[in-house]
Amino acid sequence: MKKICFFICAFMLFMSVPARGEGGLIPEGDVKSCILVEQSTGEVLYEENADEQLPIASVTKIMTMLLIMEEIDGGRMGYDDLVTVSENAMSYGGSTMFLETGEQLTVSDMLKGIAVASANDGAVAMAEHISGSETAFVDRMNEKAAELGMVNTHFVNANGLDDEGHYSSARDVALMSRALLEHPDITKYTSIWTDELRDGKFKLANTNKLIRFYTGANGLKTGSTSQALCCLSASAERDGMQLIAVVLGSPTSAKRFSSAKTLLDHGFANYRITQLAAEGETVCEADVANSTAGTVAGAAAETKTLLENKSEQGEIEKRVYIDEGLTAPVKAGDRIGTMEFVRNETVIGSTDIVALADAEKKSIIMIMRDIVSGYLKAET
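Residues numbered from 1 in each chain as written. Predicted model: local features only at pLDDT ≥ 70, side-chain atom pairs only at ≥ 80, totals over all residues. Heavy atoms only, no water.

Filter applied, for reference: UniProt positions are given in the numbering used here, feature names are shortened, and annotations may be inferred rather than shown by experiment.
If you look the chain up in an unreviewed UniProt entry, it shows as serine-type D-Ala-D-Ala carboxypeptidase from Candidatus Ornithomonoglobus merdipullorum. Turning to the chain, the UniProt annotation filed under Function (unreviewed entry) states: "Removes C-terminal D-alanyl residues from sugar-peptide cell wall precursors."

What follows is the structure, given as structure tokens:
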């Protein structure tokens, strides 16, 4: 059943840092639930009541956008594909992009409407375009939630309008926010402050005021209904560290923004990301017995980062260990050793070392030639 909810939250951004409540960063009553997570590691830096099941309003659209981005990045849909608006999609109220039945917009324009203007009609139009019906799309939303380990989530619609049995939690919102940010093109939409559609006839202004007023902000989604109150999943990146602050159940728009800002400030002030190794970075030259070249270059198998408190001191040492008995043939990508990262004699991380190229095995003739050459040298 459709429910149209008109709930107005003031768009004033309270920029000063609020006083700390007892035992927490956020003053009591400013949020029902919140969490601060670092993107690359998923580590939780702060949380309050993060597993309570709560309505999340249009923050729901993070999952809608995630499924859209999966279709695009999976090659099943393109940004320039045309989406035809159904009468059902057009009928949704609340935050809209004022779609008309039969109107055709590109997927890119629909994403703008959803990400920037929180368009309920656009979310349903995309759901129908991808899955044939909103019901079928919602089934996919719940399947994806289960896949991501969102144990306190159940979706009933694609746009987040209040509906019985539609809920999530701060921790689960952080999980789907991390998944959405794994599609880097999404921030081209979620970081838009103002834009326009229909050749300038329809103006867009981002409902997420942090995009303009918070350094490094790049997403993700606001939400407001009478049941959910004011909600936000706020993402920001500074100095190579991407943080996600989720705030649910704030009584006012100002408090949701100030609470998210406080969480992000806490993360950036106290933590840092250190890159220990980059995937493909050459770290050694390993001897390979019976190979034509004699050696092979070794590289880090993956990018390794370390999330740590800024109070941590001491240089990080890289220790390379090549597997014993390395013998040709070796193929590019084969594991040939391990690299450990050590601070103050404590191992703080490790990664495999892989061959950067093939190390071909010597032919019998080459091996015999080496034996003879070695014999002759010994005689002289």
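Anyway, onward from the coordinates.
### Notes on the overall build of the chain
Here is the rule: Helix and strand definitions follow DSSP, with helices as H or I runs of at least four residues and strands as E runs of at least two, each counted in order from the N terminus. Working definition: with a 1.4 Å probe on protein chains only, accessible area under 20% of the residue-type maximum means buried, over 50% means exposed, and in between means partly exposed. It only takes one pair of heavy atoms within 4.5 Å for two residues to be counted as in contact. Note on areas: Shrake-Rupley with a 1.4 Å probe; residue coverage comes only from the protein chains shown.
For the chain, the count of helices and strands is 10 helices and 16 strands. For the chain, the proportion of its 380 residues judged to be buried stands at 51%. Summarising the internal contacts of the chain: among those between residues at least 6 apart in sequence, 64% fall at separations of at least 24. Per element, the accessible surface of the chain, about 17,400 Å² overall, is 49% carbon and sulfur.

### Here's the deal with the sheet that holds strand S12 (residues 295-300)
By definition, the strands of a sheet pair up through backbone hydrogen bonds, in either a parallel or an antiparallel sense. Inclusion rule: Strand pairing is defined by DSSP finding a minimum of two bridges between the two strands. Every axis in this analysis is a line fitted to C-alpha atoms, fitted for helices over the stretch in contact. Angles between the N-to-C directions lie between 0 and 180 degrees.
Across the sheet, five strands lie side by side as S11-S12-S16-S15-S14; this open sheet has antiparallel pairing. In this open sheet, the two strands that pair with only one neighbour each are strand S11 (282-287) and strand S14 (317-322). Within this sheet the neighbouring strands show an average axis-to-axis angle of 30°, counted without direction. With three bridges connecting them, S12 and strand S16 (residues 346-355) associate as antiparallel partners. Bridge assignment links Ala299 to a residue of S16, and that residue is Val354.

### Description of helix H5 (residues 134-147)
Rules: Expected helix span is taken as 1.5 Å per residue step, with the number of steps being one fewer than the number of residues. Directions from the helix axis toward the C-beta atoms define the arc.
Taking 1.5 Å of rise per residue, 14 residues should cover 20 Å, and H5 covers 20 Å from first to last C-alpha, within 8% of that figure. Among the residues of H5, those classed as buried are Glu134, Phe137, Val138, Met141, Asn142, Lys144 and Ala145. End-on, the buried residues of H5 take up no more than an arc of 160°, which puts them together on one face. Facing away from the buried side of H5, by more than 90 degrees, are the exposed residues Thr135, Glu143, Ala146 and Glu147. Those residues of H5 that are buried lie in contact with helix H1 (61-73) and helix H4 (120-131). Just past H5, the residue Gly149 takes up positive phi, approximately 80°.

### Some thoughts on the sheet that holds strand S7 (residues 217-225)
Within the open sheet, the five strands sit side by side as S2-S1-S9-S8-S7. Their pairing is antiparallel. Each end of this open sheet is capped by a strand with a single partner; those strands are strand S2 (44-48) and S7. Neighbour-to-neighbour, the strand axes of the sheet open up by a mean angle of 5°, direction not taken into account. Looking at chain direction, strand S1 (residues 33-38) and S2 are connected through four bridges and run antiparallel. Counted as the bridge partner of Val37 is Val44 from S2. Contacts from helix H6 (residues 170-181) reach S1, S2, S7, strand S8 (229-238) and strand S9 (241-250), with the element oriented near 140° to S9.

### Some details on the pattern of salt bridges
Side-chain pairs of opposite charge can arise whenever the charged atoms involved come near each other. The test is simple: Whenever a carboxyl oxygen of Asp or Glu lies within 4 Å of a side-chain nitrogen of Lys or Arg, that contact is scored as a salt bridge.
A full pass over the atoms with the stated rule returns 19 salt bridges. Measuring nitrogen to oxygen at the nearest pair gives 3.2 Å for the salt bridge that ties Glu71 to Arg76. With its nearest N and O atoms 2.6 Å apart, the salt bridge here joins Glu308 to Arg343. Of this pair, Glu308 sits in strand S13 (residues 304-309) while Arg343 is found in strand S15 (residues 335-343), placing the two residues 35 residues apart along the sequence. Take Glu308: its relative accessible area is 6%, and that puts it in the buried class. Residue class for Arg343 comes out buried when judged on its relative accessible area of 8%. Several salt bridges share partner residues, and in doing so they unite Glu47, Asp51 and Arg171 into one network.

### Regarding the side chain of Asn206
This is how the line gets drawn: By the criterion applied in these results, polar contacts are pairs of N or O atoms within 3.5 Å in which, for protein atoms, one can donate a hydrogen and the other can accept it, and in which residues neighboring in sequence qualify only through two side-chain atoms.
Residue position: Asn206 is located in the loop between strand S6 (202-205) and helix H8 (210-213). In this structure the side chain of Asn206 is engaged in a polar contact, spanning 2.9 Å, whose partner is the backbone nitrogen of Asn208. Ignoring anything within four residues of it in the chain, the contact list for Asn206 reads Ala115, Val116, Thr190, Ile192, Trp193 and Ile211.

### Digging into the side chain of Asp162
You can see Asp162 is positioned in the loop between H5 and H6. Here the side chain of Asp162 touches Thr225 through a polar contact of 2.6 Å, side chain to side chain. Of the polar contacts made by the side chain of Asp162, one reaches the side chain of Ser226; its length is 3.4 Å.

### Describing the packing of aromatic side chains
Definition in use: Two aromatic rings from Phe, Tyr or Trp, using only the six-membered ring of Trp, form a pair when their centres are within 6.5 Å; if the ring planes differ by under 30 degrees the pair is stacked, by over 60 it is edge-to-face, and anything between is tilted. Note on geometry: a ring has a charge over it if NZ (lysine) or CZ (arginine) is within 6 Å of the ring centre and within 35 degrees of the ring normal.
In this structure the tally under the stated criterion is three aromatic pairs. Between Tyr79 and Tyr189 the ring centres are 6.1 Å apart and the planes differ by 20°, which places this aromatic pair in the stacked class. Pair noted here: Tyr79 is in the loop between H1 and strand S3 (82-84) and Tyr189 is in helix H7 (residues 187-190), with a separation of 110 residues, a long-range link. A cation over a ring is seen here: Arg198 above Phe202, with NZ or CZ 5.4 Å from the ring centre.

### A look at the nonpolar core
What counts is decided by this rule: We define the nonpolar core as a collection of buried residues of types Ala, Val, Leu, Ile, Met, Phe, Trp, Tyr and Cys that are connected through side-chain atoms lying within 4.5 Å of one another.
Counting 63 residues, the largest nonpolar core has Met63, Ile68, Met110, Met126, Phe155 and Met176 as the members making the most contacts within it. Looking at this core, the elements with two or more residues in it are S1, H1, helix H3 (107-117), H4, H5, H6, S6 and S9. The residues contacting Phe155, other than those within four sequence positions of it, are Ile56, Thr60, Met63, Val138, Met141, Asn142, Ala145, Met150, His166 and Met176. Counting residues in each nonpolar core, the second largest holds 26 residues, with Ile26, Val31, Phe257 and Leu264 among its members.

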